[in-house]
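# Structure assessment
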Amino acid sequence: KTSVSALKADGVNNEIYKLNAALRVIYQNGQYLFVQDGTGALLIYGNAGKTYEEGDYIYNGIYGKFSPYNGMNELAVVAGAPDMADGEAGDPVKPIVVTIADLVANYAQYESKLVTIKDVTFTGGNNFAQGDDAISFYNRFNTSFNIAAGSLGNVTGLVAKNNSNVQIYPRSNK
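To start, this report covers the structure provided alongside it. (Residues numbered from 1 in each chain as written. Predicted model: local features only at pLDDT ≥ 70, side-chain atom pairs only at ≥ 80, totals over all residues. Heavy atoms only, no water.)

As a further point, take the overall build of the protein. Of the regular secondary structure elements, the protein holds 3 helices and 13 strands. Projected onto the principal axes, the alpha-carbon positions of the protein cover approximately 50 × 30 × 25 Å. The buried share of the protein, taken over its 174 residues, is 44%. Sequence-distant contacts in the protein: of pairs separated by 6 or more residues, those separated by 24 or more amount to 64%. (Helix = DSSP H or I, 4+ residues; strand = E, 2+ residues; numbered from the N terminus. Buried < 20%, exposed > 50% of the residue type's maximum accessible area, 1.4 Å probe, protein only. Contact = heavy atoms within 4.5 Å.)

Turning our attention to the side chain of Ser136. Looking at the secondary structure, you find Ser136 in strand 11 (residues 133–137). Owing to a relative accessible area of 19%, Ser136 belongs among the buried residues under this scheme. Leaving out residues up to four positions away in the same chain, Ser136 has contacts with Asn126, Asn127, Phe128, Val166, Gln167 and Ile168.

Turning next to the pattern of salt bridges. Counted by the stated rule, this structure contains 1 salt bridge. The partner of Glu111 in a salt bridge is Lys8, and the shortest N-O contact between them spans 2.9 Å. Placement of Glu111 in the loop between helix 3 (107–110) and strand 9 (114–124) and of Lys8 in helix 1 (residues 4–10) is noted, with a sequence separation of 103 residues between them. Look at Glu111 and you get buried, because its relative accessible area is 3%. (Salt bridge = Lys/Arg side-chain N within 4 Å of Asp/Glu carboxyl O.)

Assignment of secondary structure puts Ile147 in the loop between strand 11 and strand 12 (152–162). According to the relative accessible area criterion, Ile147 is partly exposed, its value standing at 33%. Between the C-alpha atom of Ile147 and that of Ala41, which follows or precedes it by 106 residues, the distance is 29 Å.

Two aromatic rings are characterised by how far apart their centres lie and by the angle between their planes. Counting across every chain of the model gives 6 aromatic pairs. Measuring from ring centre to ring centre gives 6.0 Å for Phe122 and Phe128, while their planes differ by 55 degrees; the resulting arrangement is tilted. Taken as a pair, Phe122 and Phe128 share a single burial class, namely buried. Judged by centre distance (6.5 Å) and plane angle (25 degrees), the rings of Phe128 and Phe137 are stacked. Note on Phe137: relative accessible area 6%, which makes it buried. The structure contains a cluster of three or more aromatic residues connected by ring pairs, namely Phe34, Tyr138 and Tyr169. (Phe/Tyr/Trp six-rings, centres within 6.5 Å; stacked < 30°, edge-to-face > 60°.)

What follows concerns the nonpolar core. With 29 residues, the main nonpolar core has Phe34, Leu103, Phe128 and Ile168 as its most contacted residues. In terms of residue count, strand 9 provides more of this core than any other element does, 5 residues in total. Beyond its immediate chain neighbours, meaning those up to four positions away, Phe34 contacts Arg24, Val25, Ile26, Tyr27, Leu42, Leu43, Met72, Ser112, Phe141, Leu158 and Tyr169. Counting 19 residues, the second largest nonpolar core, distinct from the first, contains Val4, Tyr17, Ala21 and Ile44. (Core = buried A, V, L, I, M, F, W, Y, C linked by side-chain atoms within 4.5 Å.)

Structure follows, in structure tokens:
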């Protein structure tokens, strides 16, 4: 496939593909590598065999098994596939400012992208609201949080889904 959007639109579950697009690294943490091209973003899951910096460009393609998992598209690294290319330095991806309502209504547009939701009220646990709209974050990367209910702030993270629940994976507590 020549783009993230083509893979998402036409990918067949459990088929192996070469994503032959210029990909830019949004974030990497352990087995989670979030990348984007000019058409969309995608989670590459598994041992990439390389460590990338935010903003790095990956050329020469990525091989993996297309595997929508719990409502979220991903490309799972396949053992024995050609190694991923080294990253070429670039500027870190800047988050897109969205509202909770827009994010939930247009999940496919934002899936795996880096977003910021401004002016939210933390309502307890991992939940936060913006007006009447609410969502939760999932602490996928074991970030240390100590947010009191009623606190106000902004949330920046990666857009994910668990079954039908849109979530944010925060990258840090800043």
